[in-house]
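Reading the structure
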Number of protein chains: 2
Amino acid sequence: MPRRSVAEARDTHAAIVARAVDLASVEGLEGLTIGRLAGETQMSKAGVIGHFGNKEELQLQALRAANAVFRREVWDPNAQRKPGLPRLLAICDDWIGYLERRVFPGGCFITAASCEFDGRPGRVREAVRESVLTWRRVLEDDVSAARAAGDLPKRTDPALVAFQISAIALATNQGIQLLGDERAPATARAALRDLLGRRR
Amino acid sequence: MPRRSVAEARDTHAAIVARAVDLASVEGLEGLTIGRLAGETQMSKAGVIGHFGNKEELQLQALRAANAVFRREVWDPNAQRKPGLPRLLAICDDWIGYLERRVFPGGCFITAASCEFDGRPGRVREAVRESVLTWRRVLEDDVSAARAAGDLPKRTDPALVAFQISAIALATNQGIQLLGDERAPATARAALRDLLGRRR
DNA sequence: CCTACCGATCGGTAGG
DNA sequence: CCTACCGATCGGTAGG
């Protein structure tokens, strides 16, 4: 095989990462193996690992790619809107939609990675932690803006509401993926109305 | 080594399962390996696997043992009380306490197993699903009793409230295990008050 | 419950 | 980006 150009190598790299994300969403980031990834991308193991150096770096890049997917699905559609309750409601709706559409074959990638790495130290765990914390802060800031605008009561605790919204998303993911509960998205939307709607 | 008596074999079996539960709570039920389990119980691999036949059966028994721990920690202390809001509040409090005390070193076993197996078919997945569903029904029944007793509003949807309580537990587990948020149990209790307390 | 062993696969390296 | 290879470990079996 001839050496590839820089552009071709970049495409190959991206293709490997994309496949790694789908595989890891089902098998887990630890269950992801270089051999299987090589088989599915029609490459040699050495060809695959050469793009990353080691498995941990592959895991980190898969996680980064998954974060980008989440951002694209849930954040980007609402990024232009001004912070506050209307945007928060839209974000929540897109979040449930993202889970409902099964964007990752194995369910929410970040949730799976959270459960898998919450008991083991290392760079992957810290990266997952940052993803979750960043997203919590986004929610919290919109809750704060909503409260300041008078769309949520003065007594509203933004960190608590961000926790409650995350909680609903975790349970929705479990409802869809594990329980096969087709009503889970509707239940989630009812819970969100209960949380954000009734106090307006 | 001499053959052991039936009683001794049973003790050995129980010791292996107990060790398997702790290991799997950190490494996952798939990450659990017979070789490592053998090392930690000072046995040969053949000695370990002889008790189960294959790895799937070991996983199922570890899951059953974890279910028993959860039941002991959260259900048993309240089993004698009559269904209704006071018992439901006590169950929720024991549930948060169970997470707070880190009964399993890697966090809630059933939650971890749920994330790990929600994307792969098989007996383990079905067993996890049954655990979660059974527990949801327990919550739902107490919500129904509380509503019938007039302790929750007539419009209360028991399945929705069971979903919301599960959601809080999932987020609490993530807060404690992944985020290292020491306020997570307090936040969870606030969320439960918000859910079950304010409407009385 | 052990020793000894099986084929398969793991993450990764050397060298081109 | 490949072939060829490394030592380690996987789940599991045979036989005692």
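First things first, this report covers the structure right here in the doc. Bear in mind that the values here come from a model prediction, so they are computed numbers and not experimental data.

**Some points on the overall build of chain A**
Across its full length, chain A holds 9 helices and 0 strands. Taken from the N to the C terminus, the helices and strands of chain A come in the order α-α-α-α-α-α-α-α-α. Seen along its three principal axes, the alpha-carbon backbone of chain A occupies a region of about 65 × 35 × 30 Å. Long-range pairs, those at least 24 residues apart, make up 64% of the contacts in chain A with a sequence separation of at least 6. Accessible surface computed for chain A: about 9200 Å², of which carbon and sulfur atoms make up 51%.

**Focus on unusual backbone geometry**
Phi at Q42 of chain A takes a positive value of approximately 60°, unusual for a residue other than glycine. Mapped onto the fold, Q42 of chain A is located in the loop between α2 (34-40) and α3 (45-49). Even without being glycine, R102 of chain B reaches a positive phi, approximately 50°. Structurally, the position occupied by R102 of chain B is in the loop between α5 (85-100) and α6 (109-117).

**Examining the interface of chain B and chain A**
Facing the 38 residues of chain B at the interface are 38 residues of chain A. Buried area between chain B and chain A, summed over both chains or domains, comes out near 3400 Å², and the portion from carbon and sulfur atoms is 58%. When the buried surface of chain B facing chain A is broken down by residue, F163, L178 and L179 of chain B rank first, second and third, together holding 20% of it. If you look at where chain B meets chain A, you find 0 salt bridges. The tally of links between chain B and chain A comes to 12 residue pairs in polar contact (both at pLDDT 80 or more). The set of elements that each furnish at least two residues to the side of chain B that touches chain A consists of α1 (6-27), α6, α7 (123-148), α8 (158-177) and α9 (184-197) of chain B. No other element matches α8 of chain B, which puts 11 residues into the side of chain B that touches chain A. Looking at the side of chain B that touches chain A residue by residue, the classes come out as 18 nonpolar, 10 polar and 10 charged.

**Brief notes about the relation of the copies chain B and chain A**
When chain B is fitted to chain A, the best match, at an RMSD of 0.0 Å, comes from turning it 180° and sliding it 0.0 Å along the axis. Considering both components of the superposition, the chain copies are consistent with a two-fold axis. Relative to the rotation axis, the C-alpha of A167 of chain B is the closest in chain B, positioned 2.3 Å from it. In this assembly, 100% of the residues forming the interface of chain B have copies in chain A that are likewise at the interface, indicating an isologous arrangement.

**Digging into the packing of aromatic side chains**
Taken as a whole, this structure holds 12 aromatic pairs over all chains when the rule is applied. Ring geometry for W95 of chain A and W135 of chain A: centres 5.7 Å apart, planes at 90°, overall edge-to-face. On the criterion of sequence distance, the pair formed by W95 of chain A in helix α5 (residues 85-100) and W135 of chain A in helix α7 (residues 123-148) is long-range, its members being 40 residues apart. When sorted by exposure, W95 of chain A lands in the same class as W135 of chain A, which is buried. Aromatic pair Y98 of chain B and F104 of chain B: ring centres 6.2 Å apart, planes at 90°, arrangement edge-to-face. Overall, Y98 of chain B belongs to the buried group, its relative accessible area being 2%. When its relative accessible area of 3% is taken as the criterion, F104 of chain B is described as buried.

**Digging into the protein's contact with DNA strand D**
Lining the immediate surroundings of DNA strand D are 18 residues, of which S44 and H51 of chain A together with T33, K45 and K55 of chain B lie closest. Sugar and phosphate atoms represent 59% of those atoms of DNA strand D found within 4 Å of the protein. In this structure, a phosphate oxygen belonging to DNA strand D sits 3.3 Å away from a side-chain N or O atom of T12 of chain A. Separating a phosphate oxygen of DNA strand D from a backbone N or O atom of I34 of chain B is a distance of 3.0 Å.

**Some points on the nonpolar core**
Among the nonpolar cores identified, the biggest contains 127 residues, and W95, F109 and I165 of chain A together with W95, F109 and I165 of chain B are the most heavily contacted of them. With residues near it in sequence (within four places) discarded, F109 of chain B still touches V21, A24, S25, L29, A62, L63, A66, Y98 and F104 of chain B.

**Considering α9 of chain B**
With 14 residues, α9 of chain B should cover 20 Å at 1.5 Å per step; its first-to-last C-alpha distance of 19 Å lies within 8% of that length. Counting buried residues along α9 of chain B, 10 of its 14 residues qualify, which places the element largely inside the surrounding structure. Among all positions in α9 of chain B, only A184, P185, T187, A188, A190, A191, L192, D194, L195 and L196 of chain B are buried. As for α9 of chain B, its buried residues are in contact with α8 (158-177) and α9 (184-197) of chain A together with α5 and α8 of chain B.

Reading guide: rules and limits
Residues numbered from 1 in each chain as written. Chains lettered and ligands numbered in written order. Predicted model: local features only at pLDDT ≥ 70, side-chain atom pairs only at ≥ 80, totals over all residues. Heavy atoms only, no water. Helix = DSSP H or I, 4+ residues; strand = E, 2+ residues; numbered from the N terminus. Contact = heavy atoms within 4.5 Å. Areas by Shrake-Rupley, 256 points an atom, 1.4 Å probe, with all protein chains shown as cover. Buried area = accessible area lost by both parts, 1.4 Å probe. Salt bridge = Lys/Arg side-chain N within 4 Å of Asp/Glu carboxyl O. Polar contact = N/O pair within 3.5 Å; in protein donor to acceptor, adjacent residues only side chain to side chain. Nonpolar A, V, L, I, M, F, W, Y, C, P; charged D, E, K, R; others polar. Least-squares fit on C-alpha atoms with pLDDT ≥ 70 in both. Phe/Tyr/Trp six-rings, centres within 6.5 Å; stacked < 30°, edge-to-face > 60°. Buried < 20%, exposed > 50% of the residue type's maximum accessible area, 1.4 Å probe, protein only. Near = heavy atom within 4 Å. Core = buried A, V, L, I, M, F, W, Y, C linked by side-chain atoms within 4.5 Å. Expected span 1.5 Å × (residues − 1).

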